[in-house]
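Structural features, examined
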Amino acid sequence: MTRLIEYTATEIVDLLRRREFSCEQLVSDSLDQIERLDKTVHAWAYLDRKLAIEQARAVDSGLKAGQETRAFTGVPVGVKDVFNTKDMPTEMGSPIWKDFTPGNDARVVHYLRMAQAVIPGKTVTAEFAVHAPGPTANPHNPEYMPGTSSSGSACAVASYMVPVALGTQTAGSVMRPSSYCGVFGFKPSFGLIPRTAVLKTTDTLDTIGVFARSVQDLSLLFDTIRVKGRDYPIPEKALNDQERQTKKPGQPWRIALVKGPKWQHAEAYAQEAIAAFAKKVGAIKEVVVEEFELPVEFNRAHEIHATIYDRTLAYYFREEFKHHTLVSQVMYDIINRGNELTLAQYQVALKEQTALCQQLDQILSTRFDVILNLTTGGEALKGLESVDRPDNCLIWTLCHVPAISLPVFSGPNKLPFGAQIVGRRYNDPMLLSFAELLQRHGLLEGAPHPVPQMALSGAASSSIRA
């Protein structure tokens, strides 16, 4: 017997199509799970039970009338509270924007509604999606941090509140929460997911990402919310180039095991875990794994990222800084640093970013199909105010390449952490195919991994035999 809240999005659409249960039944169970756990996890900034049930009943009415299912028919989706929503507040983790209702939907929210998703509410974000943590606690142990700004979405998925959720990443805010919460996190190539009506912090870094409990759901979300058509000629050509999106015939997958410039900050158990995982990956017949050291220019990636990040935050939040309406000290610290940077320094950093993008593209177009590395340097740290260990996440954000965090490890405190796979920009389908390959060879157990004890023990959810 499987409880309804345990189904993935892909499974839900199929089961609703076969009328195995009603959408209202599913959404009611999802809301009950939120009500049961959120006083501990604090994943939700806003929840509208009445509106969610109305959406579910509309789905049921359509199915009863003979309508065909769409990509997300009846699937509850968590939306980070930096995406505009026409029927809910968008507060962005700031009291300045309390009760703000933009009156429109972000483009990706619109795409999800067109695909018949049910949106029950908004998930917690850090203040303006930066570094100051919200109240969200790790569902594996509430005394431990859940990750950075998209942690509300990651925790909602890990806790079986919703099967999938939206997040954003400017440094590591999709990858780190997915690692610490034991779910799949996917940051697609920069520019593939439209950012219209989403909080802007850094023009050349902000990327929309997703959380899910299966690789198939990552693909489903990606295909639903990405840009398509002739108005996007470069990605459209790359994504539909079958030769580019598959490994070369007769050759193995070429995998680079990368430690990265912050390797010394990773815990010893994490270093051992990724090495052992690389051996398992390399044991697959059609895969070759080779240890690879990034060129020396990547040693400056964190400094380049900081220059771009600090300078643009200082620009976009200059009025809040001037009127002292920001809340967290970390925002003031970042903006103070950004104000000390000159325009010339910022422009140099942008040129360096472009150079690193080109250098990594050369590596991933000629030598390797996928980079394998740690998502985070270990499991979550104790204390919700803890600061992450330095890792590779922001390098891949800086270089605009797709990255997926795989829930495959647990640490000495039985908390999860992830391995990260990275592909060439616009080779997102190829990267998803490699994740499916790992799944077929038994190297991915699904998510959450491990399962948070609080998530299912005591959950009073409907079930069906499947």
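The rules behind the values
Residues numbered from 1 in each chain as written. Predicted model: local features only at pLDDT ≥ 70, side-chain atom pairs only at ≥ 80, totals over all residues. Heavy atoms only, no water. Helix = DSSP H or I, 4+ residues; strand = E, 2+ residues; numbered from the N terminus. Buried < 20%, exposed > 50% of the residue type's maximum accessible area, 1.4 Å probe, protein only. Core = buried A, V, L, I, M, F, W, Y, C linked by side-chain atoms within 4.5 Å. Contact = heavy atoms within 4.5 Å. Phe/Tyr/Trp six-rings, centres within 6.5 Å; stacked < 30°, edge-to-face > 60°. Lys NZ or Arg CZ within 6 Å of the ring centre and 35° of its normal. Pairing = 2+ DSSP bridges. Axes fitted to C-alpha atoms, helices over the stretch in contact; angles between N-to-C directions. Polar contact = N/O pair within 3.5 Å; in protein donor to acceptor, adjacent residues only side chain to side chain. Parallel < 35°, antiparallel > 145°, perpendicular 65-115°, else oblique. Nonpolar A, V, L, I, M, F, W, Y, C, P; charged D, E, K, R; others polar.

A word on the environment of Tyr426
Within the secondary structure layout, Tyr426 lies in the loop between strand S12 (416-422) and helix H15 (428-440). The class of Tyr426 is buried, set by a relative accessible area of 14%. Each C-alpha atom, one on Tyr426 and one on Leu239, is 6.3 Å from the other, the two residues being 187 residues apart in sequence.

Details of the nonpolar core
Among the nonpolar cores identified, the biggest contains 146 residues, and Phe72, Phe83, Leu372 and Phe434 are the most heavily contacted of them. Apart from the residues within four sequence positions on either side, Phe72 is in contact with Ala9, Val13, Val77, Leu112, Ala115, Gln116, Ala117, Val164, Leu220, Leu221 and Thr224.

Observations regarding the environment of Arg107
Relative to the elements of secondary structure, Arg107 occurs in helix H4 (residues 107-114). Here Arg107 falls in the partly exposed class, since its relative accessible area comes to 28%. C-alpha separation for the pair Arg107 and Ile225, spaced 118 residues apart in sequence, amounts to 8.2 Å. Apart from the residues within four sequence positions on either side, Arg107 is in contact with Pro194, Thr196 and Tyr232.

Looking at the packing of aromatic side chains
Using the criterion set out here, one finds 11 aromatic pairs in the structure. Aromatic side chains Tyr7 and Phe21 sit 6.2 Å apart centroid to centroid with 25 degrees between the ring planes, which places their arrangement in the stacked category. Of this pair, Tyr7 sits in the loop between strand S1 (2-3) and helix H1 (9-17) while Phe21 sits in the loop between H1 and helix H2 (23-41), and the two are 14 residues apart along the sequence. Its relative accessible area of 5% is what places Tyr7 among the buried residues. Ring centres of Phe186 and Phe222 lie 5.6 Å apart, and the angle between their planes is 55 degrees; this geometry places the pair in the tilted category. You can see Phe186 sitting in strand S6 (residues 184-187) and its partner Phe222 sitting in helix H7 (residues 215-225), a full 36 residues away along the chain. Grouping residues by exposure puts Phe186 and Phe222 together as buried. Its guanidinium or amino end placed over the ring of Tyr315, Arg318 lies 4.4 Å from that ring's centre, counting from NZ or CZ.

Observations regarding the sheet that holds S12
Strand order across the open sheet formed by 11 strands is S2-S4-S3-S5-S7-S6-S11-S12-S10-S8-S9, with mixed pairing between neighbours. Looking at the sheet topology across the chains shown, the edges are occupied by strand S2 (44-47) and strand S9 (287-291). This sheet shows a mean twist of 25 degrees between the axes of neighbouring strands, independent of strand direction. Relative to strand S7 (residues 207-212), strand S5 (residues 164-169) runs antiparallel, the two sharing six bridges.

What to know about the side chain of Thr148
Tracing the backbone through its elements, the reader meets Thr148 in the loop between strand S4 (121-123) and helix H5 (151-158). At 3.4 Å, the side chain of Thr148 forms a polar contact with the side chain of Ser173. In contact with Thr148, other than residues within four places in its own chain, are Gly172, Ser173, Arg176, Pro177 and Asp388.

Regarding H7
Among the 11 residues in H7, eight count as buried, and that is most of the element. Within the sequence span of H7, burial applies to Val215, Asp217, Leu218, Ser219, Leu221, Phe222, Thr224 and Ile225.

With respect to unusual backbone geometry
A cis amide bond links Ala447 to the next residue, Pro448, at an omega of 0 degrees. In this fold, Pro448 is placed in the loop between H15 and helix H16 (453-456). For the bond running from His449 to Pro450, omega is -5 degrees, close enough to zero to count as cis. Structurally, Pro450 is set in the loop between H15 and H16.

Details of the packing of helix H10 (residues 301-316) against helix H12 (residues 329-340)
Running from N to C, H10 and H12 point in directions that differ by 100 degrees, and their axes come no closer than 7 Å. Judged on the interaxial angle alone, H12 and H10 are roughly perpendicular. Of the residues in H12, those touching H10 at Tyr309, Asp310, Arg311, Leu313 and Ala314 are Ile334, Ile335, Arg337, Gly338 and Asn339. For the contact of H10 with H12, the per-class residue count stands at five nonpolar, two polar and three charged.

Comments concerning the pairing of S6
In S6, alternate side chains face the same way, and those of Phe184 and Phe186 on one face and Gly185 and Lys187 on the other are all buried. Sheet analysis places S6 next to S7, joined by three bridges and oriented antiparallel. Residue pairing in the sheet places Phe186 in a bridge with Val210 of S7. Both S6 and strand S11 (residues 403-410) contribute to a ladder of three bridges, which runs antiparallel. Paired with Lys187 across the two strands is Ala403, which belongs to S11.

Thoughts on the side chain of Thr201
Secondary-structure assignment places Thr201 in the loop between S6 and S7. Residue classification places Thr201 among the buried residues on the basis of a relative accessible area of 3%. Contact partners of Thr201, with chain neighbours within four places excluded, come to Phe128, Thr170, Asp206, Thr312, Leu313, Tyr316 and Phe317.

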